[in-house]
Amino acid sequence: MVFYGSQANERPVFKRETDMTESKKRYGLDQLKKTGGRGTVDLPVLAGFNMGNNTLNVTMTMATFREVALVANEARIIAMGENSDQIAQRQLIPDHAKKLAIYVLRGLLAGVKARWKVSGKHIPDCLNDLLAELGEGPYQALQPFTANIRNIQDEGLEFEDTSAGTILHLHKLQKLFVVDGQHRLRAAEIVHEWLNTVLTNAKYPKKGLWIDDTQEVTSEEMEVWTAAMTEFGTAFTVDVTVHLGLNAEQERQLFHDLNVLGKKPSAAQALAFDAANPVSKYVTERLALNRSVHGLRVVDAGHKKSGAKLEEPAIYRDDLVNTCAILFRGAFNQSGITPLDVIGSEDYADRFWEALAKQPGWNKPGWDKLTLLAHSTMLKGMAFLVRSFHNGEEARDPGAAHAKRDAIIQAIADGQVNFAHTNPLWRVYLMSREDREAAFPGIEDYITPDAIRRPYGTWDEDAGRLQLGPNTRDISRYLADLVRYQLRVQVGLEPRPGLVSLKKKLAEAEAEKLAA
């Protein structure tokens, strides 16, 4: 049967050839001239109707999809010499594609392991190690792609009924324009390029998806990567929903509807379901095994930004996971954190939370009135402080740095830091320079100058409470700087290195201004 494009306001239709013998002839001379005799890609399809529109449901290997797919983003359309009105995709975000590439690589290795296990083949230790380092989860899969075949009216689509079902004979000049999934497609390309480099050179590239202590590839690793490449070409299939004959404007609308109209789960709910990310695994399987952190309930749905008030005392899971992401790597979310960032650091993180849980007000009714630890910003500030001496910018000498890290945690556990709202230390940024210097001599060396500091918070005199501002990233650092000052003698903490560099630049700029 042949699919014919539609005129304006007419629905495309499938037309079945009455003479099955005649249908064996897939195209005539005129079509041969158009294709240059390059042949077709044969794809088994199922016909569908999406809200009254003809669609095709196709399953193919990723290797085949790479061959027939095209992304109509600005860079590709301009390179093809087309007008900008043919653009129907956002620009590619390389970092996002690379994160997905690591996910795809992990999935390929999981597939290799599953196949070898079924066949009774020995599973080498390096395969298990690779999966552990890449963050093996209980399951992995890519969601279906959405694509469109443009200009059907000019080219036509040809089908053939076979004993195996209906086959689409897609001419090489007929491309599947990716409507949803360009980052997944690019991720697969990155994986294929990386595997090809490793197998060709028998060395790991210095920058890529994974590297051992050296660039050398062992014989066992070579066997694993060879199997992964085979998996990519033969067993890595994707599902594609193909729309038919849409123009660029319709593709843009479909992209919008697919990506904007859906309701995403709350951050806390998403993290509660994530059993693959190493930070989420630490929280779920160790820190909050019974959905509580030393008696503090963990909430798996919603977020404070929704305006919903928690039944006290409790903490949203996303705040808990993001605090742990800072603890392990200094990142304000878990994206991009690998198992290597977490493995071996669990005890340190346990001690951190144990120290906080010893503070007055922890897990007590009305704890938001009793302690600033009820603010996730304070939790993140303390994590930011200790992490700097764990593997951050102040951990160049691990032995000395870890001693300071442990001393900070112990000082918190011993109550050397008062987290009560009424502690005047937390109001330093609300004081005049003269007042804070009188109350806390030398503190100017430890805090961000007034002229460039972001909004910090407000003090409610009647309630005796400090309300921190919404700028978590900056305020968490400001709070950590105050604790540095508090523990400057006991632990020997210097001002934050980033702050020292900032003040130096400000001084140099001021000197240049005066010289001019």
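Residues numbered from 1 in each chain as written. Predicted model: local features only at pLDDT ≥ 70, side-chain atom pairs only at ≥ 80, totals over all residues. Heavy atoms only, no water.

Overview of the pairing of strand 7 (residues 157-162)
- Within strand 7, five of the six residues are buried, which leaves the element mostly enclosed by the surrounding structure.
- Relative to strand 8 (residues 165-171), strand 7 is paired through five bridges, and the arrangement is antiparallel. Among the inter-strand pairings, E160 is bridged to a residue of strand 8, identified as I167.
- From the end of strand 7 to the start of strand 8, which pair antiparallel, there are two residues. (Buried < 20%, exposed > 50% of the residue type's maximum accessible area, 1.4 Å probe, protein only. Helix = DSSP H or I, 4+ residues; strand = E, 2+ residues; numbered from the N terminus. Pairing = 2+ DSSP bridges.)

Points about the environment of H169
- For H169, the location among the structural elements is in strand 8.
- A sequence separation of 129 residues divides H169 from T40, and the C-alpha atoms of the two residues are 5.6 Å apart.
- There is a polar contact of 2.7 Å between the side chain of H169 and the side chain of E160. (Polar contact = N/O pair within 3.5 Å; in protein donor to acceptor, adjacent residues only side chain to side chain.)

A few points about helix 19 (residues 472-486)
- The terminal C-alpha atoms of helix 19, which comprises 15 residues, lie 21 Å apart, in line with the 21 Å expected from a rise of 1.5 Å per residue.
- In terms of burial, helix 19 is a largely internal element, eleven of the 15 residues being buried.
- Among all positions in helix 19, only T472, I475, S476, Y478, L479, A480, D481, L482, V483, R484 and Y485 are buried.
- Residues of helix 19 that are buried sit in contact with helix 16 (376-388), strand 15 (465-468) and helix 20 (497-515). (Expected span 1.5 Å × (residues − 1). Contact = heavy atoms within 4.5 Å.)

Some points on the confidence of the model for the chain
- Per-residue pLDDT for the chain has a mean of 86; in total, 85% of the residues score no lower than 70.
- Note that pLDDT drops below 50 for residues 4-25; the model gives that stretch 32 contacts with residues more than four away or on any other chain.
- When the criterion is pLDDT under 50, residues 32-37 qualifies, and its contacts beyond four places in sequence or with other chains add up to seven contacts. (pLDDT = per-residue confidence, 0-100.)

Section: the packing of helix 4 (residues 94-119) against helix 8 (residues 219-234)
- One can describe the packing of helix 4 onto helix 8 by two numbers: an axis separation of 9 Å at closest approach and a directional angle of 100°. It follows from the interaxial angle that helix 4 and helix 8 lie roughly perpendicular. When helix 4 is examined against helix 8, the residues L105, L108, L109, G111, V112, R115 and W116 are found in contact with a partner set consisting of E223, V224, W225, A227, A228, E231 and F232.
- Counted by class, the contact of helix 4 with helix 8 contains ten nonpolar, one polar and three charged residues. (Axes fitted to C-alpha atoms, helices over the stretch in contact; angles between N-to-C directions. Parallel < 35°, antiparallel > 145°, perpendicular 65-115°, else oblique. Nonpolar A, V, L, I, M, F, W, Y, C, P; charged D, E, K, R; others polar.)

Quick notes on the environment of F177
- Mapped onto the secondary structure, F177 falls in strand 9 (residues 176-180).
- Given a relative accessible area of 11%, F177 falls into the buried group.

Here we look at the packing of helix 14 (residues 346-357) against helix 16
- One can describe the packing of helix 14 onto helix 16 by two numbers: an axis separation of 12 Å at closest approach and a directional angle of 135°. The angle between helix 14 and helix 16 places the two elements in the oblique class. Pair helix 14 / helix 16 crosses with right-handed handedness. Contacts between helix 14 and helix 16 pair Y348, F352, W353 and L356 from the former with L379, M382, A383, V386 and R387 from the latter.
- Its residues assigned to classes, the contact of helix 14 with helix 16 comprises eight nonpolar, no polar and one charged. (Left-handed = near helix turned anticlockwise from the far one by under 90°.)

What to know about the packing of aromatic side chains
- Tallied over the entire structure, the rule returns 15 aromatic pairs.
- Between the aromatic rings of Y204 and W225, the centroid separation amounts to 6.4 Å while the plane-to-plane angle is 85°, which identifies the pairing as edge-to-face. In this pair, Y204 is assigned in the loop between helix 7 (182-201) and helix 8 and W225 in helix 8, connecting sequence segments 21 residues apart. For the residue pair Y204 and W225, the accessibility class agrees, reading buried in each case. (Phe/Tyr/Trp six-rings, centres within 6.5 Å; stacked < 30°, edge-to-face > 60°.)

Details of the nonpolar core
- Counting 67 residues, the largest nonpolar core has W353, W426 and Y456 as the members making the most contacts within it.
- Elements with a minimum of two residues in this core: helix 11 (278-287), strand 12 (296-299), helix 12 (317-329), helix 14, helix 16, helix 17 (398-413), strand 15 and helix 19.
- Beyond its immediate chain neighbours, meaning those up to four positions away, W426 contacts L372, M378, V417, N418, F419, A420, Y456, L466, L479, L482 and V483.
- The next biggest cluster of nonpolar side chains, apart from the first, holds 60 residues, and it includes V104, A188, V198 and A227. (Core = buried A, V, L, I, M, F, W, Y, C linked by side-chain atoms within 4.5 Å.)

Considerations on the pattern of salt bridges
- Taken as a whole and assessed by the stated rule, the structure comprises 22 salt bridges.
- The residue E251 makes a salt bridge to R150 at a minimum N-O spacing of 2.8 Å. Of this pair, E251 sits in helix 9 (residues 248-260) while R150 sits in the loop between strand 6 (145-149) and helix 6 (152-155); the two residues are 101 residues apart in sequence, bridging distant segments of the chain.
- Classification of R150 as buried rests on a relative accessible area of 11%.
- D450 is paired through a salt bridge with R453; the nearest N and O atoms lie 2.7 Å apart.
- Classification of R453 by relative accessible area gives buried; the value is 15%.
- Salt bridges sharing common partners tie together R433, R436, E444, D450 and R453. (Salt bridge = Lys/Arg side-chain N within 4 Å of Asp/Glu carboxyl O.)

Quick notes on the sheet that holds strand 11 (residues 292-293)
- The mixed open sheet is built from three strands, whose spatial order is 11-12-13. If you trace the sheet from one side to the other, it starts and ends with strand 11 and strand 13 (314-316), each paired once.

Regarding a nonpolar patch on the surface
- Where nonpolar side chains cluster on the molecular surface, the patch consists of I452, L502 and L506 and spans about 200 Å² of accessible area.
- Following the sequence through the fold, L506 ends up in helix 20.
- For L506, a relative accessible area of 35% puts it in the partly exposed group. (Patch = residues over 30% accessible without salt bridge, like charges linked within 9 Å, V, L, I, M, F, W, Y side chains within 5 Å. Areas by Shrake-Rupley, 256 points an atom, 1.4 Å probe, with all protein chains shown as cover.)

Considerations on unusual backbone geometry
- The backbone of M51 shows a phi angle near 55°, a positive value even though the residue is not glycine.
- You can call M51 exposed: its relative accessible area is 80%.
- Phi angles above zero are rare outside glycine, and N363 is one such case at about 60°.
- Inspection of the secondary structure assignment puts N363 in the loop between helix 14 and helix 15 (367-370).

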